[in-house]
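Residue-level structural notes
Here is how the chains run, residue by residue.
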Amino acid sequence: MPLAVKLTGVHKNFGHVHAVNGVDLQIASGEIVAILGPNGAGKTSTIDIMLGLSRPNSGTVSVYGMQPRQAIARGLVSAVMQTGGLLKDLTVSETVEYMGSLFAHSQPVREVLSRAGITEIADRKVAKCSGGEQQRLRFALALLCDPELLVLDEPTSGMDVEGRRSFWSAIRTDAEKGRTVLFATHYLEEADAYADRIVLLRHGTVVADGTAAEIKSKAAGRTVRATLAGASEAMLQAIPGADSVEVRGETVLVHSNDSDAVARYLLTQTAAKDLEVTARGIEEAFLALTGDDPAPGAATTGAI
Amino acid sequence: MSTAPSIAPDLSGRRVPPLGGFNLTALKLEVRRLTRNRRTVIISIVSPVVFFLLFGLNKAYDSEAYGHGNVAAFVMISLALYGAVLATTFGGAMVSIERAQGWSRQLRLTPLSPVAYIVLKILTALVLGLCSVTAVYVAGILTHKPSMPVGLWIATGFSVWIGSLLFAAFGLFLGYLLPAENVLQLIGLILALLSFAGGLFIPISQFAHGVQDIAKWTPLYGLNQLVHTPLLGNGVDWTWVVNVLAWLIIFAGGAIWRMRRDTGRV
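Note that the structure is predicted; figures quoted are calculated from it, not measured.

1. Points about the overall build of chain B
What chain B contains, in helices and strands, is twelve helices and two strands. Put simply, chain B runs from its N terminus to its C terminus through helices and strands in the order α-α-α-β-β-α-α-α-α-α-α-α-α-α. For chain B, the spread of C-alpha atoms along the three principal axes comes to 85 × 40 × 35 Å. Expressed as a percentage of its 266 residues, the buried residues of chain B come to 47%.

2. Concerning helix H10 (residues 259-269) of chain A
All names here are of chain A. Residues of H10 that are buried: Val262, Ala263, Tyr265 and Leu266. Taken around the axis of H10, the buried residues stretch over an arc of 160°, which confines them to a single face. Pointing more than 90 degrees away from the buried face of H10 are the exposed residues Asp260 and Thr268.

3. Observations regarding the sheet that holds strand S2 (residues 17-27) of chain A
Residue and element names in this part refer to chain A. If you walk across this open sheet you meet the three strands as S2-S1-S4, and the pairing is antiparallel. Both edges of this open sheet fall to S2 and strand S4 (58-63), since each of them pairs with a single strand only. Ignoring which end each strand starts from, the neighbouring axes of this sheet average 25° apart. Relative to S4, strand S1 (residues 5-14) runs antiparallel, the two being bridged by five bridges. Bridging across to S4, Lys6 finds its partner in Ser62.

4. A few points about the nonpolar core
Membership of the largest hydrophobic core comes to 150 residues, with the highest contact counts inside it found for Ala34, Ala140 and Val151 of chain A together with Met76, Ala80, Leu81 and Val136 of chain B. Here this core takes 20 residues from helix H4 (residues 71-100) of chain B, the largest share from any one element. With near-sequence residues (within four places) excluded, Val136 of chain B lies in contact with Pro48, Val49, Phe52, Met76, Leu79, Ala80 and Gly83 of chain B. Formed by 15 residues, the second largest nonpolar core is a distinct cluster that contains Leu236, Val254, Val262 and Tyr265 of chain A.

5. What about the pairing of strand S12 (residues 251-256) of chain A?
All names here are of chain A. With five of six residues buried, S12 lies mostly within the body of the structure. Bridge count between strand S11 (residues 242-248) and S12: six bridges; the pairing is antiparallel. Looking across to S12, one finds that Arg248 is bridged to Thr251. The turn joining S11 and S12, which pair antiparallel and follow one another in sequence, is formed by two residues; a positive phi near 60° is taken by Gly249.

6. Regarding unusual backbone geometry
In the Ramachandran plot, Tyr64 of chain A falls in the positive-phi region, its phi being about 50° despite a non-glycine side chain. Of note, Tyr64 of chain A is situated in the loop between S4 and helix H2 (68-73).

7. Quick notes on the interface of chain B and chain A
Taken residue by residue, the interface counts 30 residues in chain B and 33 residues in chain A. No other element matches the five residues that helix H1 (residues 24-36) of chain B contributes to the side of chain B that touches chain A. In terms of residue class, the side of chain B that touches chain A is built from 15 nonpolar, nine polar and six charged.

8. Quick look at the confidence of the model for chain B
All names here are of chain B. Of the residues in chain B, 95% reach a pLDDT of 70 or more, and the chain-wide mean stands at 89. Confidence, read as mean pLDDT per element, is least for helix H3 (residues 59-63) in chain B (77) and greatest for helix H7 (residues 150-163) (96). Confidence estimates for the predicted assembly give a pTM of 0.81 and an ipTM of 0.86.

9. Notes on the confidence of the model for chain A
Residues and elements named next belong to chain A. On average, chain A scores 85 in pLDDT, and the residues at 70 or more come to 89%. Across chain A, the element-wise mean pLDDT spans from 62 in helix H11 (residues 282-290) up to 96 in helix H3 (residues 92-101). Scored below 50 in pLDDT, residues 293-304 makes 29 contacts in the model with residues more than four places away or belonging to other chains.

Cut-off values and rules
Residues numbered from 1 in each chain as written. Chains lettered and ligands numbered in written order. Predicted model: local features only at pLDDT ≥ 70, side-chain atom pairs only at ≥ 80, totals over all residues. Helix = DSSP H or I, 4+ residues; strand = E, 2+ residues; numbered from the N terminus. Buried ≥ 20, exposed ≤ 12 C-beta atoms within 10 Å, placed from the backbone. Arc of directions from axis to C-beta. Pairing = 2+ DSSP bridges. Axes fitted to C-alpha atoms, helices over the stretch in contact; angles between N-to-C directions. Core = buried A, V, L, I, M, F, W, Y, C linked by C-beta atoms within 7 Å. Contact = placed C-beta atoms within 7 Å. Nonpolar A, V, L, I, M, F, W, Y, C, P; charged D, E, K, R; others polar. pLDDT = per-residue confidence, 0-100.

This is the structure we're talking about:
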């Protein structure tokens, strides 16, 4: 069975801006994956490439073993984009009917409207729909072809808390049937609550990739900082309990869930001094991983 | 990341739709959208009829023989062409609005092929063009002024309609070239000028000689001459055909060039 999505060494430049800078990503069928990162991290560019809306400068893309365009033509993939994409002069149900007519097989209009929770506004002109209603309409359109893979690009931006919750419960219900879901978000809580796996993107590269629990346990740990001359990353990695390490000149940083063990080891087995232990919250961990700090935080080496 | 067999999707039943996704439901909804735009309908269907009622019913026109019919028939054909080219240009230029609203991008997430999309746009434009020709010809029938053999009503009406295809290409070109906000107003202005230059309102023989020479190069001149040929029975001048073909290449080529740029950028 081919992977739902396979990106290998994907680069995308806009002039001098490297929006996507060597992304490798494999998503298997049935996964619910969040692409998490701040604005400008390359989330939308990566999604556009996955959907065949833009062509990478280098690297390869395949969706269910085919070109994105072929997968779309077969109704294997659909997407809910951030904004736009709707004609103001059509009604909600006309929009669904139009889009549905383009696929070889599509779900009945009425069923799709009801699953997206917009049956009661079926006859309303798109121009008169609120932002949340338009987003539900985009969701309805994405359901038409009964896709294997549903891609959502920041689907809840501009929604209030209640709208966000009901939108996600609709997605979640839908995903229970085995649909693969990939969504981009810059809300950590959203990724945490709805994804099985989180891919952290920063400056167009994947800086972390793991389950939500792994990301959280990493964030829950502490960083031990010490002065130690002549340390190598390999040597630090060998410390029991160390999960990621960094060497900055004479300063060493070791991130761990068992910072006591790391501190004890450094003080007893090495010449480390000026030892300091700092805790990090989830938000800080996220910021450290994805922030604009030119020297990335302590947690950039090693897989999580 | 291994895939459990239970959730391995069955891709065998997944087919690509025939005709690149082209279908009659989409065509019906496109036509509905176009007719929902009141300004488009008034300009391309109501205005040529009003012009015909104002300028085509001159007492002298129905008594004066002209070719195989009368002058009123000649004026009716001109105004049907005016309405039809407005309609098809508007139809083609709708791509401008669709680009602005992100609909073109949304369509790229469906099986609809670019060729099927363009065919859909052209057929939509032709439906409105047919409404426009029909409206002017019905006005002609109801007023009893234009006179020509039944076969020529059909021949000229059909020529006008098919000829207006040239302007569906023009509309597509403008739609890909210009921003949505002002494309519709511009079309009204451009087509009024081209209609004058092409001799749809006044015969170009009434222009100064220098102006006539320029007018013969404009895109409505050749088409206007050709659609009147069945009525006048004066034979086809090859320069008219060259005029139409040359402009068709320019408009269609321009539309394809801009469309490629547009889809490459997104």
